[in-house]
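One letter stands for each residue in the lines below.
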Amino acid sequence: SHFAIPLMLDGSGGLVVEVGDGKDDVIVPRGGNDRVLANKYTADEDVVSGGGGFDRINVADGDTLDTANGGGGRDHCIVDAKKEVGTSCASYEVRR
């Protein structure tokens, strides 16, 4: 796979929405309580790695190619299949 340059966030917390043309993304919030929506494009391989806050990470985009990694906080990961749950998700839900 060819990943885009990673999107690194400053740690202030907030909403991050996947934008672009459906290519593979790497999204890394650094801290704060973030909401990451990497669920817009299907047939791409997104990797989201949470930071130190209480993040809500959504990679449920209709394929099972993505990875949702929690961080140091109590992160909640929303996925298409359990195999997309990476490390440190305190809780997760599978959306079909």
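Please refer to the structure placed before this passage.
### Structural notes on the pattern of salt bridges
(1) Moving on: Within this structure, the stated rule accounts for 2 salt bridges.
(2) Moving on: Here R56 ties to E93 by a salt bridge, and the two come within 4.0 Å at their closest N and O atoms. With a gap of 37 residues between them, R56 in strand β6 (residues 56–58) and E93 in strand β9 (residues 89–94) connect regions that are remote in the sequence.
(3) Moving on: Here E93 ties to R95 by a salt bridge, and the two come within 3.3 Å at their closest N and O atoms.
(4) Moving on: One network of salt bridges, with partners in common, ties together R56, E93 and R95.

### Quick word on the side chain of D75
(1) Moving on: Here D75 shows up in strand β8 (residues 75–79).
(2) Moving on: Buried charge without a partner: D75 forms no salt bridge, and the closest opposite charge is R74, 8.8 Å away.
(3) Moving on: Polar contacts involving the side chain of D75 include one to the main-chain amide nitrogen of D55, which spans 2.7 Å.
(4) Moving on: Contact partners of D75, with chain neighbours within four places excluded, come to G50, G51, G53, F54, D55, G70, S88, C89, A90 and S91.

### Some remarks on the nonpolar core
When a protein is soluble and globular, its nonpolar side chains tend to lie buried together.
(1) Moving on: Of all hydrophobic cores here, the largest spans 11 residues; its members are V16, I27, V36, A38, V48, I57, V59, A68, C77, V79 and C89.
(2) Moving on: Among residues more than four places away in sequence, those in contact with I57 are V36, V48, G50, A68, N69, G70, H76, C77 and I78.

### Brief notes about the side chain of N69
(1) Moving on: Here N69 is to be found in strand β7 (residues 67–69).
(2) Moving on: Engagement of the side chain of N69 in a polar contact is seen with the backbone nitrogen of T87, the distance being 3.0 Å.

### Things to note about unusual backbone geometry
(1) Moving on: Of note, the phi angle at A43 is positive, near 65 degrees, even though the residue is not glycine.
(2) Moving on: Here A43 lies in the loop between β4 (34–37) and β5 (47–49).
(3) Moving on: Classification of A43 by relative accessible area gives exposed; the value is 63%.
(4) Moving on: If you check the backbone angles, S88 has positive phi at about 65 degrees while not being a glycine.
(5) Moving on: Here S88 is to be found in the loop between β8 and β9.
(6) Moving on: S88 gets classed as partly exposed once you look at its relative accessible area, which sits at 46%.

Calculation rules
Residues numbered from 1 in each chain as written. Predicted model: local features only at pLDDT ≥ 70, side-chain atom pairs only at ≥ 80, totals over all residues. Heavy atoms only, no water. Salt bridge = Lys/Arg side-chain N within 4 Å of Asp/Glu carboxyl O. Helix = DSSP H or I, 4+ residues; strand = E, 2+ residues; numbered from the N terminus. Buried < 20%, exposed > 50% of the residue type's maximum accessible area, 1.4 Å probe, protein only. Lys, Arg positive; Asp, Glu negative; His and termini not counted. Polar contact = N/O pair within 3.5 Å; in protein donor to acceptor, adjacent residues only side chain to side chain. Contact = heavy atoms within 4.5 Å. Core = buried A, V, L, I, M, F, W, Y, C linked by side-chain atoms within 4.5 Å.

Remember, this is a structural readout, not a statement about activity or role.
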